[in-house]
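Summary of the model geometry
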Amino acid sequence: MKTAQFLFLLLLSLASADVYAHKASDSFLKLQIADGKITGQWDIALRDLEYALGVDQNGDHEITWGEVRARESAIRDYTLGRLSVSNQGARIPLSVTGFGIERHSDGAYVAMQLAGGPVDSEEIAIGYELFFDVDAQHRGLLSVNGANDLRVFSPEQRIHAIHSARVSVSFAAFVKEGVWHIWKGLDHILFLLTLLLPAVIRYENGEWKVATAFRPVALEITKVVTAFTTAHSITLMLATLKIVRLPSALVESVIAASVVFGALNNIYPMVRSKTWAVAFGFGLAHGFGFANVFADLGLAGLHIIKPLIAFNLGVELGQLVIVTIYLPIAFLAREHKAYRIFGVQGASIAVALVAATWTFERALNFKILPF
Amino acid sequence: MIGKRFQILAALSACCCVVNAEPFVPANDAVVLERLPKDFVRAPKNVAAQKTVEEATHEAENHIRNYQAAFDPRYLGYAQAALGPWWNDTNAPSATIVARASIKQSLHHFDAALKDLELVLGRDPRNAQAWLLRTTLLQVQGNLNAAAQSAARLAMVAPRPITMTSIASIAGVRGRGREALQALQTVLLDAGLPKDQRIWTLTIAAEIAERIDEAGAAEMLFKEALTLDSSHTYTLAAFSDFLIARGRATEAFELVQNRRESDALLLRRALALKAIGKAPRELELDRADLKERFNAARRRGDSSHLREEARAVLSLENDAPGALRLAIQNWEIQREPADLRILAEVAAATHDEAAIEKAVAWIHETKLEDVAVEKLLPL
């Protein structure tokens, strides 16, 4: 592992010989405030540090890691001296617990891991003054607890107040995100429903068979949902912890294809037993899809396990709600002809068409449908 | 059943793993992390408060010149910071306010820039720099009548080559392309024309020539401009577009392949790669970088990239409806031929009636000639 890591880093350093340099000047500050503590990461462009502070010692217009390390304490003092976190008026001291490099689209940034505390979960004020005296267009881009409303520090806005609700309920907030994303995730819900439809009624040997008792139905549904849940939890974890990474276009195409399969299977049954195995197999792909959503919440590099568990829990809860609503309705409706025609066949055809369009869109990377 | 599951898993894992950016510690001290531009200088030691307004203005003007050479937006920030306490001062000297207006124009704060220019011209009606800036600004906004009137005032105070270029530039978007091209070629006959004016005049002439379907003349003019300055960002961008539109994407790629730091040129690099069609992974890197830059710009409230972003969203993200929204938003702010071009492209791609109508109306109203656009619209 050590040799592989070293070789990988060497490869990265060779790739870095490109002339990156400039878009507009931004720094990226990601903070997590939980359990009375602050942790975070602050990415600051080497180009900007060079302009304000000087890092290139030998004047050869190249900044090397050695030169950065030599200026490490000057960089820490300069930057931390222009960032303040206060709790009810009292300043919370911050320290640098890690010092490295991160690449962004426009070049190399110093990445500092920050830690501080204690925080008594009331109003937190974050003050930011970095570079404004030499670059009035510099902006500090702040995200707290992976929240989707990102804050911007500018010369006109040097303080942002973070409210306690966001700070103290981060676990619940991520559960909510999970629930929200599965409810919004039309493709995930449709896949699940297409697999569940046959539980109460199916087309077998040329005739429609209606489930006779509730218990086998409930059992079947539990098996299918559990298999789906287990599979997508596994890949959500694997992908979020960066153990496995896949191109998102591929993942999204497979997810859409799974819905096509699920829908078609209700009309021309290809899989009649062991539906749970299909749910598991395609569930793996759906998990990668959830991981992309989770990644967009912007927690990369920070304490990710609790939010990940919370998010996953939210996804399961959201699913459970849908299944719990669906199951009794479907069971009661199963005898009616309308359920068979519209509910199973009609809906399956419609879903298959939509999902086929999605597969086409996602595989070839263009959009037709507005959803 | 087992077989199917394994097949799926195998297929998934066979695909390449995408490397994501993560903090890392470089392998050793000699690793080069960043290369600085060749004319890079550090921030001056004295903060704005300790400078005189003349020193501050001089410093800002240097930064503005650097900005115009490479379109590196950091220079605008440095320029603005240099003007520190005089940024909102209505009593500042004219040169300072003109520098301010120039910065605001580059940040696409057009109305604020115009206000500053009005301030200067109110007390100094013969300020040529202010008239030139005002004329250009009004032209970018698409206020062509006002731009023409402003150019007439410019003619009274500025050297001939500058006024001729400015007037021709406006005529070139109002249906008198051929005339304008001839006028510019007359300007170019002057051997004493300063180098940066010559580049500016050549590029404007090249763009007009391209629009009126004089491709041969356009290419000669572009190449001449690049001979004078092979790293001129604006010219490189315009010439790459010209080449890509004519199926010469490989040549376009060669021009911009080492200029990833510039958003404008990174866009052309990606478009060239897409047209060439042989380097999907490199294209994907460029596409992803551009997307990150546009997202960062949006987060910081910067809307000066809309034209480029619309083009990227249309051609690299293949999202015509998304590109349409951006192109329309862009059109509300600026109306140069390049803005009409992207509007027409997305309008044609989405068959959006309102957008098509906007584009067609513009052409009828201004008599703009542009063969690329004419192909796309029902005129």
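Residues numbered from 1 in each chain as written. Chains lettered and ligands numbered in written order. Predicted model: local features only at pLDDT ≥ 70, side-chain atom pairs only at ≥ 80, totals over all residues. Heavy atoms only, no water.

Here's the deal with the overall build of chain A
When helices and strands are tallied, chain A shows twelve helices and 13 strands. Burial statistics for chain A: of 371 residues in total, 55% are counted as buried. Taking contacts inside chain A between residues at least 6 apart in sequence as the whole, the part at least 24 apart equals 70%. For chain A, the accessible area works out to roughly 16000 Å², and carbon and sulfur atoms hold 63% of it. (Helix = DSSP H or I, 4+ residues; strand = E, 2+ residues; numbered from the N terminus. Buried < 20%, exposed > 50% of the residue type's maximum accessible area, 1.4 Å probe, protein only. Contact = heavy atoms within 4.5 Å. Areas by Shrake-Rupley, 256 points an atom, 1.4 Å probe, with all protein chains shown as cover.)

Notes on the interface of chain A and chain B
The interface of chain A with chain B comprises 79 residues on the first partner and 60 residues on the second. Summing both partners gives a buried area of about 6800 Å² for chain A against chain B, and 59% of it is carried by carbon and sulfur. Taken together, the links from chain A to chain B amount to six salt bridges. D72 of chain B is the salt-bridge partner of R47 of chain A, the closest N and O atoms lying 3.0 Å from each other. At the junction of chain A with chain B, the criterion picks out 22 residue pairs in polar contact (both at pLDDT 80 or more). Its residues assigned to classes, the side of chain A that touches chain B comprises 41 nonpolar, 19 polar and 19 charged. Here strand β3 (residues 62-64) of chain A runs beside strand β1 (residues 32-35) of chain B; their pairing, made up of three bridges, is antiparallel. Bridging across to β1 of chain B, E62 of chain A finds its partner in R35 of chain B. (Buried area = accessible area lost by both parts, 1.4 Å probe. Salt bridge = Lys/Arg side-chain N within 4 Å of Asp/Glu carboxyl O. Polar contact = N/O pair within 3.5 Å; in protein donor to acceptor, adjacent residues only side chain to side chain. Nonpolar A, V, L, I, M, F, W, Y, C, P; charged D, E, K, R; others polar. Pairing = 2+ DSSP bridges.)

A word on the pairing of strand β1 (residues 26-34) of chain A
Residue and element names in this part refer to chain A. Most of β1 sits inside the fold, with eight of its nine residues counted as buried. Where β1 meets strand β9 (residues 139-144), six bridges bridge the pair, whose relative direction is parallel. Looking at the pairing, D26 lines up with R139 of β9. With antiparallel pairing between neighbouring strands as the criterion, β1 and strand β2 (residues 37-45) make up a hairpin whose turn holds two residues, including D35 at a positive phi of roughly 50°.

Quick look at the confidence of the model for chain B
Residue and element names in this part refer to chain B. Predicted confidence across chain B gives a mean pLDDT of 90, with 93% of residues reaching 70 or more. Confidence drops under a pLDDT of 50 for residues 6-20, and excluding neighbours within four residues, the segment shows 16 contacts in the predicted structure. The complex model carries a pTM of 0.68, and its ipTM stands at 0.80. (pLDDT = per-residue confidence, 0-100.)

Some points on helix α7 (residues 186-200) of chain A
Counted at 1.5 Å a residue, the expected span for α7 of chain A with its 15 residues is 21 Å, and the 22 Å between its end C-alpha atoms agrees. Counted residue by residue, α7 of chain A has 13 buried out of 15 residues, so it is predominantly covered. (Expected span 1.5 Å × (residues − 1).)

Details of the nonpolar core
Burial of nonpolar side chains together is a common tendency in soluble globular proteins. With 61 residues, the main nonpolar core has L196, V200, V217, I221, L236, Y326 and Y339 of chain A as its most contacted residues. Mapped by element, the contributors of at least two residues to this core are α6 (170-184), α7, α8 (214-240), α9 (248-265), α10 (275-295), α11 (305-333) and α12 (337-364) of chain A. Broken down by element, this core gets its largest block of residues, eleven residues, from α11 of chain A. I44 and M112 of chain A together with A79 and A82 of chain B belong to the second-largest nonpolar core, a separate cluster that totals 59 residues. (Core = buried A, V, L, I, M, F, W, Y, C linked by side-chain atoms within 4.5 Å.)

Some thoughts on the sheet that holds strand β5 (residues 90-92) of chain A
All names here are of chain A. Within the open sheet, the four strands sit side by side as β5-β4-β8-β11. Their pairing is antiparallel. Looking at which strands have only one partner, the edges of the open sheet turn out to be β5 and β11 (159-162). Between one strand axis and the next, the sheet turns through 30° on average, direction left out of account. (Axes fitted to C-alpha atoms, helices over the stretch in contact; angles between N-to-C directions.)

Remarks on the environment of V173 of chain B
All names here are of chain B. Looking at where V173 falls in the secondary structure, it is placed in the loop between α8 (160-171) and α9 (177-188). Note on V173: relative accessible area 8%, which makes it buried. Separated by 38 residues in sequence, V173 and R211 place their C-alpha atoms 9.3 Å apart. Ignoring anything within four residues of it in the chain, the contact list for V173 reads L144, R211, P337, T366 and L368.

Section: the pattern of salt bridges
Overall, the coordinates contain 35 salt bridges over all chains when judged by the stated rule. Notably, a salt bridge pairs R300 of chain B with D26 of chain A, separated by 2.5 Å at the nearest N-O pair. With one member in each of two chains, R300 of chain B in the loop between α15 (280-299) and α16 (306-315) and D26 of chain A in strand β1 form a pair that bridges those chains. A relative accessible area of 10% means that R300 of chain B is categorised as buried. The buried category is assigned to D26 of chain A, whose relative accessible area is 1%. In this structure, E62 of chain A engages R35 of chain B in a salt bridge whose closest nitrogen and oxygen atoms are separated by 2.9 Å. One end of the pair, E62 of chain A, is in strand β3; the other, R35 of chain B, is in strand β1, on a second chain. Residue E62 of chain A is classed as partly exposed on the basis of its relative accessible area of 22%.

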